[in-house]
Amino acid sequence: MTPQQILAEIDHLRRELAIAADDLLSAAEQGLALTQDQPLDAEAVAASFHRVLAACSFQDLADQRIDRLLTALSGRKAPPRPDAALLNGPALAGEAGLNQSAADALLTR
């Protein structure tokens, strides 16, 4: 990665983290507001907190991207991952799973 690519990735990651934080706050506020309604709509409250849980997944993805950037900046080769066997996801017998690069591309716009 070039320094310009690394800086662009950091900027993109910073914007995505801000969006994730906004999503977390919005979903939590919505969940709290829903608890005031009578009768309580448990499905709406659960949906709000499912949004909170989904938004929390940003942390793992952000950490992976930061690790990749640090590796690129240091010029060293990435260490082997202990979960490397899991990176291609589930697949039916005899079929290839989704590779990690394709999955990352879906999540990084």
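Everything below is about the structure shown above.
Thresholds applied
Residues numbered from 1 in each chain as written. Predicted model: local features only at pLDDT ≥ 70, side-chain atom pairs only at ≥ 80, totals over all residues. Heavy atoms only, no water. Helix = DSSP H or I, 4+ residues; strand = E, 2+ residues; numbered from the N terminus. Expected span 1.5 Å × (residues − 1). Buried < 20%, exposed > 50% of the residue type's maximum accessible area, 1.4 Å probe, protein only. Contact = heavy atoms within 4.5 Å. Salt bridge = Lys/Arg side-chain N within 4 Å of Asp/Glu carboxyl O. 1 Å grid on protein atoms, 1.4 Å probe; cavity = no way out; pocket = protein on both sides within 12 Å on 5 of 7 lines; lining within 4 Å. Points joined across faces, edges and corners; volume = space filled by probe spheres on them. Nonpolar A, V, L, I, M, F, W, Y, C, P; charged D, E, K, R; others polar.

Enquirer: Explain helix H1 (residues 3–34) to me, please; I cannot follow it from the model alone.
Expert: In an α-helix, one turn spans 3.6 residues, which is why side chains three or four residues apart end up on the same side. Taking 1.5 Å per residue as the helical rise, H1 with its 32 residues ought to reach 46 Å, and the 46 Å between its terminal C-alpha atoms agrees with that figure. If you check which residues of H1 are buried, you get Ile6, Glu9, His12, Leu13, Glu16, Ala20, Ala27, Gly31 and Leu34.

Enquirer: Just checking my understanding: could you explain the side chain of Ser48 for this structure?
Expert: In this structure, Ser48 sits in helix H2 (residues 42–55). Here Ser48 falls in the buried class, since its relative accessible area comes to 1%. Ignoring any residue separated from it by four or fewer positions in sequence, one finds Ser48 in contact with Ala27, Gln30, Gly31 and Leu34.

Enquirer: For this particular structure, what's the right way to read the environment of Pro3?
Expert: Assignment of secondary structure puts Pro3 in helix H1. Placed 69 residues apart in sequence, Pro3 and Ala72 show a C-alpha to C-alpha distance of 9.1 Å.

Enquirer: Before we go on, may I ask you to explain unusual backbone geometry in this structure?
Expert: Working note: non-glycine residues mostly have negative phi, and peptide bonds are mostly trans. Residue Gln38 is joined to Pro39 through a cis peptide bond whose omega torsion reads -5°. Mapped onto the secondary structure, Pro39 falls in the loop between H1 and H2.

Enquirer: Mind showing me how you'd approach the pattern of salt bridges here?
Expert: Side chains that differ in charge, positive against negative, can pair when their charged atoms come close. Inspection of the entire model under this criterion finds 5 salt bridges. The closest approach of N and O atoms between Arg65 and Glu9, which form a salt bridge, is 2.7 Å. Here Arg65, found in helix H3 (residues 58–74), pairs with Glu9, found in helix H1; they are 56 residues apart in sequence, far enough to count as distant. Per residue, the accessibility class of Arg65 equals that of Glu9, and both read buried. For Arg15, the salt bridge goes to Asp11, with nearest N and O atoms at 2.6 Å. Residue Arg15 and its partner Asp11 are both found in helix H1; the two are separated by 4 residues, about one turn of the helix. Under the relative-accessibility criterion, Arg15 is labelled partly exposed at 42%. Within the structure, one salt-bridge network assembled from shared partners comprises Glu9, Glu16, Arg65 and Arg68.

Enquirer: What should I look at first to understand the layout of surface pockets in this one?
Expert: Any space left empty among the atoms is revealed by the rolling of a water-sized probe across them. Of the voids in this model, the largest pocket is the one considered here, and its volume is about 870 Å³. Around the largest pocket sit 33 residues that line it, and Asp60, Leu61, Gln64, Arg65 and Asp104 are the ones nearest its centre. When residues of the lining of the largest pocket are traced back to their parent elements, those giving at least two are H1, H2, H3 and helix H4 (100–107). At 10 residues, H3 tops the list of elements feeding residues into the lining of the largest pocket. Of the residues contributing to the lining of the largest pocket, the split by class is 15 nonpolar, 6 polar and 12 charged.

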